[in-house]
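Coordinate inspection notes
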Amino acid sequence: MSDLKLLTPLKTDTFEFRNRVFMAPMTRGRSPDRLANDLTVRYYAQRATAGLIISEGTQISEQAIGWMNTPGIHTAEQIDGWRKVTRAVHDAGGLIFAQLWHTGRASHPDFHGGGLPVAPSAVPFNSQAFTPEGPKPAVTPRAMTLEEIHSTILDYEAAARAAKAAGFDGVEVHGANGYLPAQFLEDGPNKRTDAYGGPIENRARFLLEATDAAIRVFGPSRVSVRLSPRIPYNDMGDSNLEGTYMFAVEALEAKKVGLLHFMEPAQLPDGLKRLAPEARKRFSGLFIVNVGYDRESGERAVMTDLADAVTFGTLFISNPDLPERFRRSAALAPSEPSSYYVGDEQGYTDYPPLG
Ligand SMILES: Cc1cc2nc3c(=O)[nH]c(=O)nc-3n(C[C@H](O)[C@H](O)[C@H](O)COP(=O)(O)O)c2cc1C
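Predicted model only: the values in this text are computed from it and were never measured.

The next point concerns the overall build of the protein. In terms of helices and strands, the protein carries eleven helices and 14 strands. Taking 2.2 N^0.38 as the reference for a compact globule, 355 residues should give roughly 20 Å; the C-alpha atoms of the protein span a radius of gyration of 19 Å, in line with that estimate. Counting only C-alpha atoms, the protein reaches 60 × 45 × 40 Å along its principal axes. Across the protein, the fraction of contacts at a sequence separation of at least 24, relative to all contacts at a separation of at least 6, is 71%.

UniProt annotation of "domain: NADH:flavin oxidoreductase/NADH oxidase N-terminal" (unreviewed entry) refers to residues 5–328 when read in the numbering used here. Here residues 5–328 is 34% helix and 17% strand, with 14 Å between the C-alpha atoms at its ends.

Lining the immediate surroundings of the ligand are 18 residues, of which Pro25, Thr27, Arg226, Asn290 and Gly292 lie closest. Here an oxygen atom of the ligand sits 2.7 Å away from a polar atom, N or O, in the main chain of Pro25. Contact distances for the ligand include 3.1 Å between an oxygen atom and a side-chain N or O atom of His174. Burial of the ligand by the protein amounts to 86% of the accessible area it has alone, namely 610 Å².

In terms of nonpolar packing, the biggest core is built from 87 residues, with Tyr44, Ile73, Leu227, Phe287 and Phe312 touching the most fellow members. With nine residues, helix α6 (residues 205–218) is the single largest residue contributor to this core. Ranked by size, the runner-up nonpolar core spans twelve residues in total, among them Phe15, Leu95, Leu259 and Leu286.

Burial of strand β11 (residues 223–227) is extensive: five of the five residues sit out of reach of the surface. Taken together, the four bridges between strand β10 (residues 170–174) and β11 define a ladder with parallel strand orientation. Paired with Val173 across the two strands is Val225, which belongs to β11. Two strands pair when backbone bridges link them, and β11 and strand β12 (residues 259–263) are joined in this way by four bridges, in the parallel orientation. The residue bridging Val225 from the neighbouring strand is Leu260, located in β12. The parallel pair β11 and β12 is bridged by helix α7 (residues 241–254), and the resulting crossover is right-handed.

Under the 1.5 Å per step criterion, the end-to-end length of α6 is 20 Å for 14 residues, consistent within 8% with the ideal 20 Å. Within α6, ten of the 14 residues are buried, which leaves it mostly tucked inside the rest of the structure. On the buried face of α6, the contacting elements are α3 (146–165), β10, α4 (180–185), α5 (200–203), β11 and α7. Looking one or two residues past α6, Gly219 carries a phi angle of roughly 80°, positive in sign.

Looking now at the packing of helix α1 (residues 38–46) against helix α2 (residues 76–91). It is the contact of α1 with α2, at a shortest axis distance of 8 Å, that shows an interaxial angle of 25°. With respect to α2, the axis of α1 lies roughly parallel. Read as a crossing pair, α1 and α2 show a hand that is right-handed. Taking contact as the criterion, the partners of Thr40, Val41, Tyr44 and Ala45 in α1 are, on α2, Trp82, Lys84, Val85, Ala88 and Val89. Across the contact of α1 with α2, the residue classes break down as seven nonpolar, one polar and one charged.

A separate point is the packing of α3 against α6. α6 packs onto α3 with a crossing angle of 35° between their chain directions and a minimal axis gap of 8 Å. You can see that α3 and α6 cross each other, and the crossing is right-handed. Within the contact between the two elements, α3 uses Ile149, Thr152, Ile153, Tyr156, Glu157, Ala160, Arg161, Ala163 and Lys164 and α6 uses Phe206, Glu209, Ala210, Ala213, Ala214, Arg216, Val217 and Phe218. Looking at the contact of α3 with α6 residue by residue, the class counts come to eleven nonpolar, one polar and five charged.

With that settled, consider unusual backbone geometry. Phi angles above zero are rare outside glycine, and Asn69 is one such case at about 55°. By secondary structure assignment, the location of Asn69 is in the loop between β4 (53–59) and α2. At Asp235, a position not held by glycine, the phi torsion is positive, near 60°. Along the chain, Asp235 turns up in the loop between β11 and α7. On the accessibility criterion, Asp235 (35% relative accessible area) is partly exposed.

Scoring rules and cut-offs
Residues numbered from 1 in each chain as written. Predicted model: local features only at pLDDT ≥ 70, side-chain atom pairs only at ≥ 80, totals over all residues. Heavy atoms only, no water. Helix = DSSP H or I, 4+ residues; strand = E, 2+ residues; numbered from the N terminus. Rg over C-alpha atoms; globule rule 2.2 N^0.38 Å. Contact = heavy atoms within 4.5 Å. UniProt positions renumbered as here; feature names shortened; annotations may be inferred. Near = heavy atom within 4 Å. Polar contact = N/O pair within 3.5 Å; in protein donor to acceptor, adjacent residues only side chain to side chain. Areas by Shrake-Rupley, 256 points an atom, 1.4 Å probe, with all protein chains shown as cover. Core = buried A, V, L, I, M, F, W, Y, C linked by side-chain atoms within 4.5 Å. Buried < 20%, exposed > 50% of the residue type's maximum accessible area, 1.4 Å probe, protein only. Pairing = 2+ DSSP bridges. Right-handed = clockwise from strand over helix to strand, strands pointing away. Expected span 1.5 Å × (residues − 1). Axes fitted to C-alpha atoms, helices over the stretch in contact; angles between N-to-C directions. Parallel < 35°, antiparallel > 145°, perpendicular 65-115°, else oblique. Left-handed = near helix turned anticlockwise from the far one by under 90°. Nonpolar A, V, L, I, M, F, W, Y, C, P; charged D, E, K, R; others polar.

This is the structure:
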């Protein structure tokens, strides 16, 4: 037996999570027709002992697509596919949220019949896109019109409705890792001069409206928002990271959002101020940390009250029964990066649980 706090239940008015070992959202590139399939069902059911599973990023619309072989949550067929996943997770006693994803400028013309991906502004973008033909240099996107912004917010609402129809327990607005809401939030990629650009009150508007869209469907307690101030991935940057993100956290607190999923490496380079404790102070819902945690550092995070729960990514890829391994202090299987984003069962559903 183990007396890890990580393995104790976490109760809110809405949920009883069976432990604090949550599964981080992970794109696995195994949906060639953009549907969750039988393999997806098996993969998530194998990991249902997590306190909460957050699904891989699921596109909210055609325009949101920006990664090869990733599933969506905007058609009837996609809802049917996901319904099998949520049923299998629930049958195994688990809970699962859908992560709502719009890639914005991180997409590529190959996904849009040659058309440009959309973004807050047409700012040159130094990154790469993951196209059906492999990684390609990213392109300079086209700035969204106000009408497109408004219709994209409606896409978030429709996707949340689809997630509800598919049986998800809640949704996570993907506001991290340099995708569309983060592109609005940070002043590097956002050079707009209308109501969605300029001061932080305006730059945060897109993220907050997308969050409101999810709240209209699920209510605030079943909505998570993921933020990643310390992740420069996708050519991100902001002139006042702390101010920008603390504004966003306070605004999410005002909306009584249920979960804040805060990415900040457990080991930050020397000299960089930790923003997670600042965010934690400002947020009264469930505060979840991620990036680089293991059994010991995760336990420390919940014991010191930095967080209510911890999400584990790569450890859940190769250790489907991660909470049980933590309980037994068992050895952890290493995961194989070459099969993270491509392939079939191998490196996906073939990691065995403990005997
Ligand atoms: C294969 C892979 C796919 C990922 N896909 C997503 C994703 O779809 N959405 C997201 O928010 N983060 C994604 N991430 C980031 C993870 O959620 C997580 O932040 C990262 O793995 C760090 O956590 P860890 O140190 O516990 O692995 C992905 C990471 C990996 C390794």
